[in-house]
Amino acid sequence: VEPFYTKKVMGKSGTGLGLTVIWNTMEDHGGKVFVESSEKGTFFKLVFPAGKEKKPSKTTPSEKTILSAGNEHILIVDDEAQLRDIARQMLEHLGYHVDTVVSGEEAIEFVQETPVDLLLIDMLMDPGINGRKTYEEIVKIYPKQKAIVASGFSESEDVKATILLGAGKFIKKPYSMDNLAQAVKEVLHNPLQN
């Protein structure tokens, strides 16, 4: 069960992703989240696994990736300004040419005028069409359009359908620069999508 529930109104308060971010972080580290609710409120207990210290490698993944990044053109499609800006900064730091749009409709208009090498598409956007529908429309224009799907949720039916349409990879939010860099590199250099 995904713990994504919010009473927040889109555009009028926070993103509503706080619990999803915590859940995904705990899941990635092998931890557990326990929830107890009553009329007094809700209590969350986070349990982290004991772990052994890892020896640092001589070269970090981000150093390897930064050295091999190209100057390809990437379009970020995300309705959340803060998330869009973070992704833009990460990709520009890696050496890519980056543009951003706030909706699926804007993405379709953008690529009609300016083809891109890769799309980084948020799956849930409000208002307007979602990431799956956006990619579906774009592949009608560019059948081999490379894309990465991003979402705070695990792989939903829409994510799976988008991958079947030809998107190369799914990454779960929040993602690190290393995760994003690796995903971009894999999708851009995948000969099966050329």
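Note that the structure is predicted; figures quoted are calculated from it, not measured. (Residues numbered from 1 in each chain as written. Predicted model: local features only at pLDDT ≥ 70, side-chain atom pairs only at ≥ 80, totals over all residues. Heavy atoms only, no water.)

Looking only at helices and strands, the protein features seven helices and seven strands. Along its sequence from the N terminus, the protein presents helices and strands in the succession α-β-β-α-β-α-β-α-β-α-β-α-β-α. Taking all 194 residues of the protein together, 35% fall into the buried category. When contacts within the protein are restricted to residue pairs at least 6 apart in sequence, long-range pairs at least 24 apart make up 61% of them. When the accessible surface of the protein is totalled, it reaches about 11,800 Å², and 55% of it is carbon and sulfur. (Helix = DSSP H or I, 4+ residues; strand = E, 2+ residues; numbered from the N terminus. Buried < 20%, exposed > 50% of the residue type's maximum accessible area, 1.4 Å probe, protein only. Contact = heavy atoms within 4.5 Å. Areas by Shrake-Rupley, 256 points an atom, 1.4 Å probe, with all protein chains shown as cover.)

Here strand 1 (residues 32-38) runs beside strand 2 (residues 41-47); their pairing, made up of seven bridges, is antiparallel. Bridge pairing in strand 2 links Ser38 to Gly41. Taken together, strand 1 and the strand that follows it, strand 2, pair antiparallel across an intervening segment of two residues. (Pairing = 2+ DSSP bridges.)

Running from N to C, helix 4 (residues 104-113) and helix 5 (residues 131-141) cross one another at 15 degrees; their axes reach a closest spacing of 9 Å. By the criterion of interaxial angle, the relationship of helix 4 to helix 5 is roughly parallel. As helix 4 runs across helix 5, the sense of the crossing is right-handed. For the pair helix 4 and helix 5, the contacting residues are Gly104, Ala107, Ile108, Val111 and Gln112 in the first and Thr134, Glu137, Ile138 and Ile141 in the second. The class makeup of the residues in the contact of helix 4 with helix 5 is five nonpolar, three polar and one charged. (Axes fitted to C-alpha atoms, helices over the stretch in contact; angles between N-to-C directions. Parallel < 35°, antiparallel > 145°, perpendicular 65-115°, else oblique. Left-handed = near helix turned anticlockwise from the far one by under 90°. Nonpolar A, V, L, I, M, F, W, Y, C, P; charged D, E, K, R; others polar.)

Ordered by their spatial adjacency, five strands build an open sheet running 4-3-5-6-7, and the pairing between neighbours is parallel. Both edges of this open sheet fall to strand 4 (97-101) and strand 7 (169-172), since each of them pairs with a single strand only. Put simply, the sheet's adjacent strands are angled 20 degrees from each other on average, direction ignored. Bridge count for strand 3 (residues 73-77) against strand 4 is five bridges, and the pairing is parallel. Paired with Leu75 across the strands is Asp99, a residue of strand 4.

Attention shifts here to the confidence of the model for the protein. Summarising the model, the protein shows a mean pLDDT of 80, and 73% of its residues fall at 70 or more. Long-range and interchain partners of residues 1-6, a stretch whose pLDDT sits below 50, account for eleven contacts in this model, where long-range means more than four residues apart. A low-confidence stretch, residues 57-67 (pLDDT under 50), is modelled with eight contacts involving residues beyond four sequence positions or located in other chains. (pLDDT = per-residue confidence, 0-100.)

This next bit is on a negative patch on the surface. Among the surface-exposed residues, Glu105, Glu106, Glu109 and Glu113 lie close enough to one another that they form a single negatively charged patch. The residue Glu113 is located in helix 4 in this model. (Patch = residues over 30% accessible without salt bridge, like charges linked within 9 Å, V, L, I, M, F, W, Y side chains within 5 Å. Salt bridge = Lys/Arg side-chain N within 4 Å of Asp/Glu carboxyl O. Lys, Arg positive; Asp, Glu negative; His and termini not counted. Charge placed at Lys NZ, Arg CZ, Asp CG, Glu CD.)

Here the focus is the environment of Tyr142. If you trace the backbone, Tyr142 turns up in the loop between helix 5 and strand 6 (147-151). By relative accessible area, Tyr142 is classed as partly exposed at 25%. C-alpha separation for the pair Tyr142 and Gln112, spaced 30 residues apart in sequence, amounts to 9.2 Å. Residues within four places of Tyr142 in sequence aside, it is in contact with Val111, Gln112 and Pro115. Of note is the side chain of Tyr142, whose polar atom sits 3.0 Å from the backbone oxygen of Val111. (Polar contact = N/O pair within 3.5 Å; in protein donor to acceptor, adjacent residues only side chain to side chain.)

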